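One-letter residues, chain by chain:
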Amino acid sequence: MEDRVKEIMGAVFEVDPSTINQDSSTDTIENWDSIRHMSLVVALEEEFDVQFDDDQVADMQNYKLVLLTLQELQG
């Protein structure tokens, strides 16, 4: 799952997926703005066949929280 998330984040934020790590966040990825955040949410929902609620969308501000949220939804 981690590699798939990194690939999606790399594509959405136009960065090399290998540069995404536990510290990657809205503060460290320059292209991570509100519009691309929503693109990330849609891409993750499609890839993993999940649906995020508004609180989850707002909370996913770094790579670690994206993974945790996905893991929670997938049980």
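Keep in mind the model is a prediction, meaning the values are calculated, not measured. (Residues numbered from 1 in each chain as written. Predicted model: local features only at pLDDT ≥ 70, side-chain atom pairs only at ≥ 80, totals over all residues. Heavy atoms only, no water.)

Engineer: Help me out: how do you make sense of helix H1 (residues 2-13) in this one?
Structural biologist: Residues separated by three or four positions in an α-helix point in the same direction, a consequence of the helix having 3.6 residues per turn. Between its first and last C-alpha atoms H1 spans 16 Å; for twelve residues at 1.5 Å apiece the expected length is 16 Å, and the two agree. For H1, every residue scored as buried is listed here: Val5, Ile8, Met9, Gly10, Val12 and Phe13. In the core, the buried residues of H1 are packed alongside helix H2 (34-48) and helix H4 (63-74). With its phi angle positive at about 55 degrees, Glu14 sits one or two positions after the end of H1. (Helix = DSSP H or I, 4+ residues; strand = E, 2+ residues; numbered from the N terminus. Expected span 1.5 Å × (residues − 1). Buried < 20%, exposed > 50% of the residue type's maximum accessible area, 1.4 Å probe, protein only. Contact = heavy atoms within 4.5 Å.)

Engineer: Please explain the environment of Val12 as it appears in this structure.
Structural biologist: Here Val12 lies in helix H1. Considered as a pair, Val12 and Val41 are 29 residues apart in the sequence and their alpha carbons are 9.9 Å apart.

Engineer: Is there a simple way to explain the pattern of salt bridges in this structure?
Structural biologist: Where charged atoms of side chains with opposite charge meet at close range, the side chains can pair. If you walk through the whole model with that rule in mind, you get two salt bridges. A salt bridge links Arg4 to Glu47; the nearest nitrogen and oxygen atoms lie 3.0 Å apart. Highlighted residues: Arg4 in helix H1 and Glu47 in helix H2, separated in sequence by 43 residues. Classification of Arg4 as partly exposed rests on a relative accessible area of 39%. (Salt bridge = Lys/Arg side-chain N within 4 Å of Asp/Glu carboxyl O.)

Engineer: I keep staring at the packing of H1 against H4 and nothing clicks. Help me out?
Structural biologist: The description of two helices packed together rests on the angle between their axes and the distance between the axes. At a minimum axis separation of 11 Å, H1 and H4 run at an interaxial angle of 125 degrees. The angle between H1 and H4 places the two elements in the oblique class. Here H1 runs over H4; the crossing is right-handed. Counted together, Glu2, Val5, Lys6 and Met9 of H1 and Tyr63, Val66, Leu67 and Leu70 of H4 form the full contact between these two elements. Looking at side-chain class alone, the contact of H1 with H4 contains six nonpolar, no polar and two charged residues. (Axes fitted to C-alpha atoms, helices over the stretch in contact; angles between N-to-C directions. Parallel < 35°, antiparallel > 145°, perpendicular 65-115°, else oblique. Left-handed = near helix turned anticlockwise from the far one by under 90°. Nonpolar A, V, L, I, M, F, W, Y, C, P; charged D, E, K, R; others polar.)

None of this, on its own, says anything about what the molecule does.
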